[in-house]
Amino acid sequence: MLCLGIESSCDETAMALVQDGVLLGQRIVSQVDMHAVFGGVVPELASREHLRWLYPLLDDLLEATGAVMADIQCVAVARGPGLLGSLLTGLGFAKGLAYGRGIPLIGVNHLMAHLLAVGMERELIFPAVGLLVSGGHTHLYAMRSPLDIQLLGRTLDDAAGEAFDKVAKLLNFPYPGGRHLDALGQGAAPDTTLFPCPYLRNTNLDFSFSGLKTAVSYYVQEHPDLVRASMDTILAPGYEPEPDLARLCSSFTWTVAETLRVKTARALGQCPDAKGLYVAGGVAANTVVREVMGELAAQRGVTLLLPSPGLCTDNAAMIGFYGEILGEAGCVHDLELEAIPRGKPIPWDYGELTGR
Ligand code: KG4
Ligand code: ZN
């Protein structure tokens, strides 16, 4: 089934064509530079940019892949969670295409799409435990199939990516700063005693990163010399951070990765039949998180399902990939499909042919 995937939940506008689980082509326009001026995503500007790019991206994608509109057999669109206005632009576009061409419309849960994106690079394995770590979410899941994914634990406050971005902001790094903390920390060994791993003295599978962010902010207040880089310095080619700044970046990154490791190990303990460990979302692009999760999977004898870094951050390929799986299982929507903003549960509200 040739499936068009559309992603517009936050600050990336993307469109992809996926057929039989294979990515035929993708176009992504990032708004990061525009929002960086404001230090974070400005929802109203994001929606306008999505609207501006959706049509040209489709034209460009069709031209690049040699496909024509009549080839597209279903339209999959990220229906949440995300920024409401941004989601609505993608939904309106997808509904118009589906209605105009008389093809199925499939609303896709952006989080599940992140988890399963690795299926474009290797065979999916079930049952499994899934860790989704992005700018808005830190979730652990029990995954029995692509259509049966249950939440085990979640962050009670900041998401892991949000903690990265807030700490990066304290250090005057450009938004979104997660990747800069990752890159600048790579040259230094972490001080594993600098910050406590947050919210581990319990038996649950939830996370809490806001205390860690506060601990780093106190540390930075006590060491104001750490905030010495200007935004341009960080981006200059060949920039080498001072050793104390590199050590801070490395120690913070280690603390987040270690916290994720402990709770993920706990989740694997609660799902003894798991054969795989999925790690997905923007923070899964982090070098230390990738290493730590590789070690954990090896220790527990499960297969690590970790997409290449380019597939970790927001993209439309994952929407098309999961959309095709849903479409083939008969899970489709009608034009009443609603956008679900961040913080609200995504209903399983597919049409009659759900196969569940
Ligand atoms: O999945 P994603 O692209 O968007 C959301 O759905 O949120 O994740 C974006 C998040 C941002 O917080 C960004 O700073 C973080 O992923 N991120 C990283 C890295 N690359 C992206 N965090 C740490 N290390 C990285 N290499
Ligand atoms: Zn995402």
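Residues numbered from 1 in each chain as written. Chains lettered and ligands numbered in written order. Predicted model: local features only at pLDDT ≥ 70, side-chain atom pairs only at ≥ 80, totals over all residues. Heavy atoms only, no water.

## Topic: the coordination of the zinc ion (ligand 2)
Then step 1. With distances of 2.0 to 2.1 Å, the protein atoms coordinating the zinc ion (ligand 2) are H110 (NE2), H114 (NE2) and D314 (OD).
Then step 2. The site at the zinc ion (ligand 2) holds four donor atoms, and with the angles between them running 94 to 144 degrees, its shape is irregular.
Then step 3. In the primary structure, the donors to the zinc ion (ligand 2) are separated according to the pattern H-x3-H-x199-D. You can see H110 and its partner H114 sitting in helix α4 (residues 110-116), four residues apart, about one turn around the helix. A single burial state applies to H110 and to H114, both of which are buried. (Donors = N, O, S within 2.8 Å, 3.2 Å for Na, K, Ca; no water. Tetrahedral: all angles 85-135°; square planar, octahedral: opposite > 155°, others 65-115°. Helix = DSSP H or I, 4+ residues; strand = E, 2+ residues; numbered from the N terminus. Buried < 20%, exposed > 50% of the residue type's maximum accessible area, 1.4 Å probe, protein only.)

## Points about the site of ligand 1
Then step 1. Taken together, 20 residues surround ligand 1, and among them G135, D165, D182, G282 and N286 come closest.
Then step 2. One of the backbone N or O atoms of G178 is found 3.3 Å from an oxygen atom in ligand 1.
Then step 3. Relative to its unbound accessible area of 560 Å², ligand 1 is 88% covered by the protein chains.
Then step 4. Broken down by secondary-structure element, the contributors of at least two residues to the shell around ligand 1 are α4, α5 (160-170) and α6 (178-185).
Then step 5. Taken together, the residues of the shell around ligand 1 sort by class into five nonpolar, eleven polar and four charged. (Near = heavy atom within 4 Å. Polar contact = N/O pair within 3.5 Å; in protein donor to acceptor, adjacent residues only side chain to side chain. Areas by Shrake-Rupley, 256 points an atom, 1.4 Å probe, with all protein chains shown as cover. Nonpolar A, V, L, I, M, F, W, Y, C, P; charged D, E, K, R; others polar.)

## Digging into the pairing of strand β1 (residues 2-7)
Then step 1. Extensive coverage of β1 is indicated by the burial of six of its six residues.
Then step 2. Strand direction decides the pairing type here: β1 and strand β2 (residues 12-19), joined by six bridges, are antiparallel. Along β2, the bridge assignment pairs I6 with M15.
Then step 3. What sits between β1 and β2 in their antiparallel hairpin is a turn of four residues. (Pairing = 2+ DSSP bridges.)

Read these as layout, nothing more, since geometry by itself doesn't imply function.
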